[in-house]
2 protein chains.
Amino acid sequence: MKQRLDKAGVRFRPHFKTHQSWKIAEIFSQEGIRQITVSSVTMAHYFARQGWKDITIAFPLNLREMDSILMLPEDVTVGLLISDSSTASYSFPKSLLKKSVFWIELDTGHHRSGFSVADFHILTWVIDKLCSTGAHLQGFLFHDGHTYNATGIEEIREIRYNTLSRLSLLREFLSEKYPGRNFLFSGGDTPSCSQELPMEGIDEMRPGNFVFYDLQQLALGSCQPEDIALSVLCPVVASYPDQGRAVIYGGSIHLSKDKLTVGKETIYGVVCSEEKQSDMRLTFPGDLPFLTALSQEHGVIQGTAEQILNLVPGSLARVIPVHSCLVVSNMKQLVSADGTVFETLNLHSVDF
Amino acid sequence: MKQRLDKAGVRFRPHFKTHQSWKIAEIFSQEGIRQITVSSVTMAHYFARQGWKDITIAFPLNLREMDSILMLPEDVTVGLLISDSSTASYSFPKSLLKKSVFWIELDTGHHRSGFSVADFHILTWVIDKLCSTGAHLQGFLFHDGHTYNATGIEEIREIRYNTLSRLSLLREFLSEKYPGRNFLFSGGDTPSCSQELPMEGIDEMRPGNFVFYDLQQLALGSCQPEDIALSVLCPVVASYPDQGRAVIYGGSIHLSKDKLTVGKETIYGVVCSEEKQSDMRLTFPGDLPFLTALSQEHGVIQGTAEQILNLVPGSLARVIPVHSCLVVSNMKQLVSADGTVFETLNLHSVDF
């Protein structure tokens, strides 16, 4: 990912919400990454404690967390998102303006949060408002999260082209309205960053999920099966080969309830050994047993009698999840293939 | 719930996975409850530390947690589930047999885990197997979890009648095969316990969700709107009245992704004040704004312009969740209307 962005001349500001681990963050640091993205103030504190100095909180500024933001170490520059006009009108304390840089969030089609990229009138108002308060405005931040609902690479490509053309119109307007003034444009989402797509006019990218990938990204064409680097080892607690069913200790509190439609079936994961992973195909019924139901602690696996016979109570089923970010946020630590333990924020979250 | 079960002469063994709080557990204790249900060994430890002595772990015995079960205090009787023939054949350590009582899990139609209630042949084999090892067999445990997928009270009633008639056949068989021997029957699930349904031949019930209820139970007819005792106060972080949309700091990591279909819409919660709660109706579009999308930290609320105008950034949206158990399992504490703080297992989970 870094090589691709370096080549395009785009700054890489990886989103650390996917791994939430200071030790994995160190690997990024060794690659020369100094700027990062997080999704909460808590996460900003966690990484600030590990020495990260330039942190964008890619979530609409929560006015109720002002005190917590102010408690970030003095030498940390925190990037904050202004996502609606009500928050833009807020009287920010001077101490906040001093330590923060601001981004105006743009809605480029995801329709979750942010100002419409086409509404120049309101955008002008927000820019002027922020600058009049002495805010240090970096530019505009967008997240093309609708790529996650795409049916494949072609649709992801279309979304990128669409966004680029809208941003280009905005940039044209800004250069007339604010001549000589430089606004940065920060984009995100792993699906569009996982393709060789044009990035004209984008200054930085904030993908996160690529660090592990998952079934959702595989289905989108963002990765190959062997790129998926996260699995959950779940104890098998009951096995019914004659019914083609096994039960694991791995429910919605561990795996989350993100799902994927494969054929006509809804799945929550695939049971796959390391050896078979590169041949994994998302077809149903397929060569591998699928996780087809989740309760709070139970996960139900469906497969052929032969597949289920391998899932003996007391053994571990290696489950590849639908959405790796949500799995990690439930875990206290990750263990790599060589046995290295990677603690996550969740282990320490009591402190914040 | 206690009054209803007392009246029916059925032992009340509430499931504590819904609240996971020692202080809420004390309220049950004050009502004379001594026997409880939990869904994990971790939870058994948590409540054992608070002095609970009779704990059923209503989850298939996980052979990999044997050591942790053995570390439960000596004076705690732990109920364990045998849910498949592979686990039934296991050579249990003597120390485990000494401190545990066993339940054979029956599948009465939910098709998640347990032996088919109609398979007398295998059930006989399991009973003999367990008794030959010196296990203290209490009887049979079932969970009619398929009531959660029911379309209403009538279907819940049907499920109960169905289960009772299957259990009656099993009891008949057992009384012939094992004359004079007493087997207990333990049932669960809040929907069927929330109705005035027959309980003939059921010795104990293990409902849990009734302690808070939620939108799922409301939709099933298990409770009235004013019975729902759990809501999540989520900070509003962006508001777009003209688009009928607001964004809260409350995503799938807080609310979980359990959903409900209302009309043709999928919802993850309702925004409702205390004052309006008793009039809450599950119709879409309705009188209240609905939570219609969840990302990791974002929740998207849809409503009329007027409703959204009330959701000002910096204020709190009171969200009634679809599934209260999963919300609590994400929280570290609950706060009651009078300000009392109820810590949950999650706050202490690092210890186990």
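Residues numbered from 1 in each chain as written. Chains lettered and ligands numbered in written order. Predicted model: local features only at pLDDT ≥ 70, side-chain atom pairs only at ≥ 80, totals over all residues. Heavy atoms only, no water.

This brings us to the pairing of strand β7 (residues 137–142) of chain A. All names here are of chain A. The buried count for β7 comes to 6 of 6 residues, which makes it a mostly enclosed element. As paired strands, strand β5 (residues 100–107) and β7 are joined by 5 bridges and run parallel to one another. If you follow F102 over to β7, its bridge partner there is L137. Judged from the 3 bridges that link them, β7 and strand β8 (residues 184–187) form a sheet pairing that is parallel. Residue pairing across strands places F140 opposite F185, the latter belonging to β8. (Buried < 20%, exposed > 50% of the residue type's maximum accessible area, 1.4 Å probe, protein only. Helix = DSSP H or I, 4+ residues; strand = E, 2+ residues; numbered from the N terminus. Pairing = 2+ DSSP bridges.)

All names here are of chain A. Taken together, 6 strands build a closed barrel; the order of strands is β10-β11-β16-β15-β14-β17 and the barrel is antiparallel. Ignoring which end each strand starts from, the neighbouring axes of this sheet average 40 degrees apart. Looking at chain direction, strand β11 (residues 245–249) and strand β16 (residues 298–302) are connected through 5 bridges and run antiparallel. When the bridges of β16 are listed, V247 appears paired with V300. (Axes fitted to C-alpha atoms, helices over the stretch in contact; angles between N-to-C directions.)

Looking now at the domain arrangement of chain A. Residue and element names in this part refer to chain A. Here chain A is partitioned into domain 1 (2–211) and domain 2 (225–343). The C-alpha-based centres of domain 1 and domain 2 are spaced at 33 Å. Listed as interface residues are 11 residues of domain 1 and, on the opposing side, 11 residues of domain 2. Interface area for domain 1 against domain 2, summed over the two sides, is near 820 Å², with a carbon-plus-sulfur share of 55%. In terms of surface lost to domain 2, no three residues of domain 1 exceed T18, K23 and N209, which account for 43% of the buried area on that side. Put simply, domain 1 and domain 2 have 0 salt bridges between them. Seen at the junction of domain 1 and domain 2, the total is 3 residue pairs in polar contact (both at pLDDT 80 or more). Examining the composition of the side of domain 1 that touches domain 2, we find that 4 residues originate from one element, helix α2 (residues 22–30), more than from any other. (Domains from an automatic or database assignment. Contact = heavy atoms within 4.5 Å. Buried area = accessible area lost by both parts, 1.4 Å probe. Salt bridge = Lys/Arg side-chain N within 4 Å of Asp/Glu carboxyl O. Polar contact = N/O pair within 3.5 Å; in protein donor to acceptor, adjacent residues only side chain to side chain.)

With that settled, consider the packing of aromatic side chains. All told, the structure shown has 28 aromatic pairs over all chains when counted by the stated rule. Between F12 of chain A and F210 of chain A the ring centres are 5.7 Å apart and the planes differ by 50 degrees, which places this aromatic pair in the tilted class. In this pair, F12 of chain A sits in strand β1 (residues 11–12) while F210 of chain A sits in the loop between β9 (204–205) and α10 (215–220), placing the two residues 198 residues apart along the sequence. Each member of the pair, F12 of chain A as well as F210 of chain A, carries the same accessibility label: buried. Pairing F92 of chain B with F102 of chain B gives two aromatic rings, centres 5.3 Å apart and planes at 50 degrees, and the pair type is tilted. With F92 of chain B in the loop between α5 (85–88) and α6 (94–99) and F102 of chain B in strand β5 (residues 100–107), the pair connects residues that are 10 residues apart, well separated along the chain. Neither residue differs from the other here; F92 of chain B and F102 of chain B are each classed as buried. An aromatic cluster is present here, built from F12, F16, F28, Y46, F47, W52 and F210 of chain A joined pairwise through their rings. (Phe/Tyr/Trp six-rings, centres within 6.5 Å; stacked < 30°, edge-to-face > 60°.)

Right, let's get into the sheet that holds strand β15 (residues 290–294) of chain B. Taken together, 6 strands build a closed barrel; the order of strands is β10-β11-β16-β15-β14-β17 (chain B) and the barrel is antiparallel. Recorded for the sheet is a direction-independent mean angle of 40 degrees between the axes of neighbouring strands.

What follows covers the relation of the copies chain A and chain B. Between chain A and chain B, the superposition needs a rotation of 180 degrees and an axial shift of 0.0 Å, giving an RMSD of 0.0 Å. What the rotation and shift describe, once combined, is the action of a two-fold rotation axis. Closest approach to the rotation axis within chain A is made by the C-alpha atom of K257 of chain A, at a distance of 2.8 Å. In this assembly the copies share their binding face: 100% of the residues contributing to the interface of chain A also contribute to that of chain B. (Least-squares fit on C-alpha atoms with pLDDT ≥ 70 in both.)

A few words now on helix α3 (residues 41–49) of chain A. Along an α-helix, residues three or four positions apart point the same way, because every turn accommodates 3.6 residues. Residue and element names in this part refer to chain A. Burial of α3 is extensive: 7 of the 9 residues sit out of reach of the surface. If you check which residues of α3 are buried, you get V41, M43, A44, H45, Y46, F47 and A48. Looking one or two residues past α3, G51 carries a phi angle of roughly 100 degrees, positive in sign.

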